[in-house]
Amino acid sequence: HAPGVAFMEMQFYPPGWAEWPPGVSCDPTKWCAALNIDSLSEDPVTGQVLNSTCAARTGLEYVNFAFITHDGVPIAPPNPVDATFSTFNPVGNSDVSFFNSGDQLSVALADTTHGLGINITDSTHPGQSGFMVASAANNFGMVQFAPTGATCNNIPYDFHPMYSTSSEATRVQWAAHSYNIAFSDEIGHFDFCGNVQTRGTCGKSEGLAGDTEPSDKDDTVCFPAGSLGALVQTSGCIGTNSGFDGMPYQNVWPDGNANHPAPVDFSSPLTGGSNYDRLAFETDLPRIEVKGVGGANNCNRTTGTGCINPPLSDDGTPAAFYPFYSTAAGGSNACTWVIGNQIPFNPTNAPYPIYTTNSFGGSSAAEYGPLYRSTYLSFPAGPTFTTSSRYNNFHNGLTTNPCSG
């Protein structure tokens with residue numbers, strides 16, 4: 001019932017490391033943000049995919065990408081057919097919206113006449129605010145589906161929300177996650193590297209001081225310590241850390257320790273000024289724990305056998321840490337959300353004015369709950385729309401929203 005469904009991610013990129021493109025930072029000290037819309041060029045009935053010539057240019061799962069700007073005009077074409085190097089290069093562009101760590105932002109998503117509109121208002125520094133509309137006028141578009149031949153054409157397109165409400169049924173059927181309106185801290189993309197090779201791979205060793213080991217196949221997309229724009233002078237890799245041993249899986253998350261970072265705190269999403277009445281915690285660990293992807297995990301997503309939380313590192317032992325969400329008090333809202341570890345109440349610790357009020361079990365295993373089966377179209381499905389079911393997530397649905405702020 002949802003042909004052509006795509007998913008949108010409003011992404012924020014942290015400062016201080018290798019710059020876009022192909023790094024992840026826009027500035028040595030400031031954050032930036034971009035509107036991403038992911039689509040899939042595959043016929044769900046016949047299994048046909050986009051021709052190889054065009055797919056090599058855009059990808060089968062292609063992305064419309066635009067940095068948030070002050071005037072709402074993309075810095076270069078967002079659609080994947082016409083995108084250029086400039087599409088992904090915000091460095092030094094005065095029209096791109098940059099934000100400071102510690103700023104209070106309001107992110108508003110709303111349908112407009114010509115597509116989904118994103119407004120980011122920086123109440124701390126209003127001049128840094130920006131917006132973007134996913135419209136044909138802004139050069140957003142679909143890749144014309146051509147399974148044969150070698151054509152690669154953009155169809156100008158206004159991307160509108162597919163659903164007017166949100167529920168467990170309003171999901172993207174080809175995506176691993178089951179969520180719809182969500183906040184996600186996308187982790188698993190950094191590990192230290194002892195010797196970055198010229199082709200962006202890691203030689204010698206990986207890991208933080210005191211826990212180094214020989215580099216392995218998940219050490220990819222690596223940058224040396226002196227990368228352009230890097231305020232933090234360290235070498236590392238941002239490929240998928242399927243060995244679950246990189247920095248995101250160490251116990252260095254916000255927990256009240258002054259040597260650890262302060263948390264990102266965010267309020268519950270609202271629709272029409274009101275809270276959603278229920279929510280769920282979810283992590284797609286099973287999708288990454290598949291045998292052959294890396295590490296020591298061997299998850300059978302059909303039966304659920306071998307799918308565990310926390311995951312195993314590539315040493316065969318449980319990952320040192322896996323972050324979880326908590327509600328907190330004392331922040332910018334009467335009730336706010338944070339991700340990391342539990343933060344104890346400490347009124348004298350100025351960097352941590354907030355503290356945990358509910359950690360939902362206090363561990364990733366307790367919070368994210370049991371394995372969760374989702375139904376997908378089989379590719380090719382055939383004329384009867386054959387489906388299959390998989391365990392791609394751990395999922396814990398709550399009947400009420402515990403944080404109404």
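Higher on the page you've got the structure.
Criteria and thresholds
Residues numbered from 1 in each chain as written. Predicted model: local features only at pLDDT ≥ 70, side-chain atom pairs only at ≥ 80, totals over all residues. Heavy atoms only, no water. Pairing = 2+ DSSP bridges. Helix = DSSP H or I, 4+ residues; strand = E, 2+ residues; numbered from the N terminus. Axes fitted to C-alpha atoms, helices over the stretch in contact; angles between N-to-C directions. Phe/Tyr/Trp six-rings, centres within 6.5 Å; stacked < 30°, edge-to-face > 60°. Buried < 20%, exposed > 50% of the residue type's maximum accessible area, 1.4 Å probe, protein only. Lys NZ or Arg CZ within 6 Å of the ring centre and 35° of its normal. Patch = residues over 30% accessible without salt bridge, like charges linked within 9 Å, V, L, I, M, F, W, Y side chains within 5 Å. Areas by Shrake-Rupley, 256 points an atom, 1.4 Å probe, with all protein chains shown as cover. Salt bridge = Lys/Arg side-chain N within 4 Å of Asp/Glu carboxyl O. Core = buried A, V, L, I, M, F, W, Y, C linked by side-chain atoms within 4.5 Å.

Participant: What is the right way to look at the sheet that holds strand β5 (residues 105-112) in this model?
Facilitator: Strand pairing in a sheet takes place through backbone hydrogen bonds and is either antiparallel or parallel in direction. The strand order β5-β6-β7 describes an open sheet built from 3 strands, whose pairing is antiparallel. Two strands lie at the open edges of the sheet, namely β5 and β7 (130-133), each paired on one side alone. Strand-to-strand twist of the sheet, defined as the mean angle between neighbouring strand axes without regard to direction, takes the value 10 degrees. Judged from the 4 bridges that link them, strand β6 (residues 115-122) and β7 form a sheet pairing that is antiparallel. Looking across to β7, one finds that Ile120 is bridged to Gly130.

Participant: Got a minute to help me understand the packing of aromatic side chains in this structure?
Facilitator: Scanning all chains against the criterion turns up 25 aromatic pairs. Consider the rings of Trp17 and Phe190, whose centres lie 5.1 Å apart with planes at 80 degrees: the pair is edge-to-face. Residue Trp17 is located in the loop between β1 (7-13) and β2 (30-40), and its partner Phe190 is located in the loop between β9 (154-156) and β10 (191-196); the two are separated by 173 residues in the primary sequence. Neither Trp17 nor Phe190 differs from the other in exposure class; each is buried. Ring centres 6.0 Å apart and planes at 70 degrees place the aromatic pair Phe281 and Trp337 in the edge-to-face group. Of the two residues, Phe281 is situated in strand β18 (residues 279-283) and Trp337 in strand β20 (residues 336-340); the sequence distance between them amounts to 56 residues. For the pair Phe281 and Trp337, one class covers both residues: buried. Pairwise contacts between aromatic rings join Phe183, Phe266, Phe281, Tyr325, Trp337 and Phe360 into one cluster. When the ring centre of Tyr376 is taken as origin, the NZ or CZ atom of Arg171, which lies over that ring, is 4.8 Å away.

Participant: What am I meant to see in the sheet that holds strand β23 (residues 387-398) here?
Facilitator: Overall, antiparallel pairing links the 3 strands, which are arranged β18-β23-β22 in an open sheet. With partners counted over all chains shown, the strands left at the sheet margins are β18 and β22 (371-377), one partner each. Neighbour-to-neighbour, the strand axes of this sheet turn through a mean angle of 50 degrees, independent of strand direction. Bridge analysis of β18 against β23 gives 5 bridges, and the strand direction is antiparallel. Pairing of Phe281 across the sheet is with Asn396, part of β23.

Participant: What's the story with a nonpolar patch on the surface in this structure? I'm lost.
Facilitator: A cluster of nonpolar residues, Phe12, Leu105, Val107 and Leu109, forms a patch on the protein surface that exposes about 300 Å² of accessible area. Top element by residues in the nonpolar patch is β5. It accounts for 3 residues. Checked against the element boundaries, Val107 lands in strand β5.

Participant: Whenever I open this one, the nonpolar core confuses me. Can you help?
Facilitator: It is characteristic of soluble globular proteins that their nonpolar side chains tend to be buried jointly. Ranked by internal contacts, the top residues of the largest apolar core, which has 21 residues, are Tyr249, Phe281, Tyr322, Tyr325, Trp337 and Tyr368. When residues of this core are traced back to their parent elements, those giving at least two are β19 (324-329) and β20. Counting 14 residues, the second largest nonpolar core, distinct from the first, contains Leu35, Ile68, Ile118 and Ile120.

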